[in-house]
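These are the residues of each chain, in order.
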Amino acid sequence: MLLSVVTLRTALEMGAIYSLVALALFISFSILNIADLSTDGCYTLGFAVGATVTLAGHPFLALPAAMLAGALSGFVTAFLQTKLGVESILAGIIVNTGLYTVNLAVMGWSSNLSIFGTDTLLSLAKGLSGNELWTGWSTLIVLAAILAAAGTLTALFFRTRLGLSIRATGDNADMVRASSINPAFTITVGLCAANSLTGLAGCLTGLVNKSCDINLGTGMVTVALASLIIGETMFGRFSIGLRIVGVILGSCIYRIIIAVALAANVPTECFKLVSALIVAVAIAMPQGRKLIALQRQKLARRKEGAPC
């Protein structure tokens, strides 16, 4: 068997965490049409803050603290765009660069931070029962519950008046402005919500791994983009709820592909290339479908004797 139960469980755990980052990119990239490149630094910030709060003896405050830190990162990015007129890509790069120093400061000016031996939300959940089955699957169950809550709240939020205004801002900011809605406000709220999910994902990654490196979030934009594109390509663009489900499934599929690559003994040095190839294939899939449909039409006309 190519994938063992343990490997599949680990892939699903990381898929659940990456789904939160993909949801964040779904809000900023798909909804707001903004390329937020601060994701890498914000992801590391989430763990740095969550680990620091956990080490201080407050494991249940780690998640909200990480989300608040992520929201503040999103606020700064939005401020640069809406108030100072910085292009979205440049704003993301500026914030991502600044977060490197911020993350070092939060981690006590150390490039590594460990929470081994410290009670965390996941370890406390694992200790709720001595059942072997619960002990093995408790982490995935907790992560799935958090993901389900985040996905449900996101879907409900975008059905509210404010959520609809954010969606409209991504479609046509001028129309929103003409409707007496401040696009700067909607962009700020959208980016704060997106980055709070990124911070949450970073915190959960740290709780699972129990250690962190300052470069933990490097390449996270590529991972999230791959998950997002896989979900939207395979499951289409329908209602918000179905699109969110597609993003989550896309993240799990991405992690399973990576798990298969690991099982096939692909060198870890090649994983960035694997991620890039997955993104390229996912982006090319819609055009590939069109070409296949066109070839089928041509073949059907030839069989009927009609000119192509």
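Residues numbered from 1 in each chain as written. Predicted model: local features only at pLDDT ≥ 70, side-chain atom pairs only at ≥ 80, totals over all residues. Heavy atoms only, no water.

S.K.: How would you explain the overall build of the protein if you had to name every residue and give the values?
M.R.: Summing up its helical and strand segments, the protein has twelve helices and two strands in all. Reading the secondary structure of the protein in the N-to-C direction produces α-α-α-α-β-α-α-α-α-α-β-α-α-α. Relative to a compact globule of 308 residues, whose C-alpha radius of gyration would be 19 Å, the protein shows 21 Å and is just as compact. In terms of overall dimensions, the protein has a C-alpha envelope of 75 × 60 × 35 Å along the principal axes. Of all 308 residues assigned to the protein, the portion counted as buried reaches 47%. Here the contacts in the protein between residues at least 6 apart in sequence split such that 77% fall between residues at least 24 apart. For the protein, the accessible surface area stands at approximately 15000 Å², while carbon and sulfur atoms represent 66% of it. (Helix = DSSP H or I, 4+ residues; strand = E, 2+ residues; numbered from the N terminus. Rg over C-alpha atoms; globule rule 2.2 N^0.38 Å. Buried < 20%, exposed > 50% of the residue type's maximum accessible area, 1.4 Å probe, protein only. Contact = heavy atoms within 4.5 Å. Areas by Shrake-Rupley, 256 points an atom, 1.4 Å probe, with all protein chains shown as cover.)

S.K.: Would you mind going over empty space enclosed by the protein in detail, with residue names and values included?
M.R.: By the definition in use, this model includes one cavity of 30 Å³ or more. Quantified by volume, the largest cavity comes out at close to 30 Å³. In terms of lining, the largest cavity is formed by Ala24, Leu25, Ser28, Asp36, Thr39, Ala194, Asn195 and Thr198. A breakdown of the residues in the lining of the largest cavity according to their chemical character gives three nonpolar, four polar and one charged. (1 Å grid on protein atoms, 1.4 Å probe; cavity = no way out; pocket = protein on both sides within 12 Å on 5 of 7 lines; lining within 4 Å. Points joined across faces, edges and corners; volume = space filled by probe spheres on them. Nonpolar A, V, L, I, M, F, W, Y, C, P; charged D, E, K, R; others polar.)

S.K.: An account of the side chain of Ser165 is requested, with residue identities and associated values reported.
M.R.: The residue Ser165 is located in helix α7 (residues 161-171) in this model. Beyond its immediate chain neighbours, meaning those up to four positions away, Ser165 contacts Val176, Ile181 and Thr186.

S.K.: Provide a residue-level description of a nonpolar patch on the surface, including the pertinent values.
M.R.: On the surface, a nonpolar cluster with roughly 370 Å² of combined accessible area is contributed by Phe75, Val76, Phe79 and Leu84. One can find Phe75 in helix α3 (residues 62-82). On the accessibility criterion, Phe75 (43% relative accessible area) is partly exposed. (Patch = residues over 30% accessible without salt bridge, like charges linked within 9 Å, V, L, I, M, F, W, Y side chains within 5 Å. Salt bridge = Lys/Arg side-chain N within 4 Å of Asp/Glu carboxyl O.)

S.K.: Could you give an account of the packing of aromatic side chains, with specific residues and numbers?
M.R.: Summed over the entire model, instances satisfying the criterion amount to two aromatic pairs. Between Phe75 and Phe79 the ring centres are 6.5 Å apart and the planes differ by 25°, which places this aromatic pair in the stacked class. In this pair, Phe75 and Phe79 are both assigned in helix α3, four residues apart and thus about one turn of the helix distant. Of the residues examined, Phe79 reaches a relative accessible area of 37% and is grouped as partly exposed. Consider the rings of Phe157 and Phe158, whose centres lie 5.3 Å apart with planes at 70°: the pair is edge-to-face. Its relative accessible area of 1% is what places Phe158 among the buried residues. (Phe/Tyr/Trp six-rings, centres within 6.5 Å; stacked < 30°, edge-to-face > 60°.)

S.K.: Tell me about the confidence of the model for the protein, and name the residues and values.
M.R.: For the protein, the mean per-residue pLDDT works out to 86, and 95% of the residues sit at or above 70. The weakest mean pLDDT in the protein belongs to helix α12 (residues 271-304) at 79; the strongest belongs to α3 at 95. (pLDDT = per-residue confidence, 0-100.)

S.K.: Please give an account of α3 that cites residues and values.
M.R.: Between its terminal C-alpha atoms α3 stretches 30 Å, which fits the 30 Å expected from 21 residues at 1.5 Å a residue. What α3 keeps buried is the set Ala62, Leu63, Ala66, Ala69, Gly70, Ala71, Ser73, Gly74, Thr77, Ala78, Leu80 and Gln81. (Expected span 1.5 Å × (residues − 1).)

S.K.: Just give me the short version of the pattern of salt bridges, but keep the residues and values in it.
M.R.: Within the structure shown, the criterion is met by one salt bridge. The closest approach of N and O atoms between Asp174 and Arg177, which form a salt bridge, is 3.0 Å. Here Arg177 and Asp174 lie together in helix α8 (residues 173-178), a separation of three residues that amounts to about one turn.

S.K.: So what about the side chain of Thr77? Which residues, and what values?
M.R.: Mapped onto the elements, Thr77 comes out in helix α3. The contacts of Thr77, once residues within four sequence positions are left out, are Asp36, Ser38, Ala91, Gly92, Val95 and Leu191.

S.K.: Please provide a residue-by-residue account of unusual backbone geometry, values included.
M.R.: A positive phi angle, near 60°, is found at Trp109, a position not held by glycine. Tracing the sequence through the fold places Trp109 in the loop between α4 (88-106) and β1 (112-114). Judged by relative accessible area, which is 62%, Trp109 ranks as exposed. The backbone phi angle of Ser180 is positive, close to 65°, even though this residue is not glycine.

S.K.: Please give an account of the packing of α7 against helix α9 (residues 183-209) that cites residues and values.
M.R.: Where α7 meets α9, the closest approach of the two axes is 9 Å, and the angle between their N-to-C directions is 105°. Here α7 is positioned roughly perpendicular relative to α9, judged by the angle of their axes. Contacts between α7 and α9 involve Leu162, Ser165, Ile166 and Thr169 from the first element and Pro183, Phe185, Thr186, Ile187, Val189 and Gly190 from the second. The class makeup of the residues in the contact of α7 with α9 is six nonpolar, four polar and no charged. (Axes fitted to C-alpha atoms, helices over the stretch in contact; angles between N-to-C directions. Parallel < 35°, antiparallel > 145°, perpendicular 65-115°, else oblique.)

S.K.: Explain the layout of surface pockets residue by residue, including any values.
M.R.: The gaps left among the atoms become clear once a water-sized probe is rolled over them. Here the largest pocket defines a volume of roughly 510 Å³. Surrounding the largest pocket, 20 residues form its lining, Tyr18, Val223, Arg255, Phe271 and Lys272 being those nearest its centre. Secondary-structure elements contributing two or more residues to the lining of the largest pocket are α1 (5-31), α9, α10 (220-235), α11 (240-263) and α12. Take the lining of the largest pocket: its biggest share by element is four residues, from α11.

S.K.: Can you break down α11 residue by residue, with the values?
M.R.: In this model, α11 (24 residues) spans 35 Å end to end at C-alpha, consistent with the 34 Å of a helix rising 1.5 Å per residue. A positive phi of about 65° marks Asn265, the residue just after α11.

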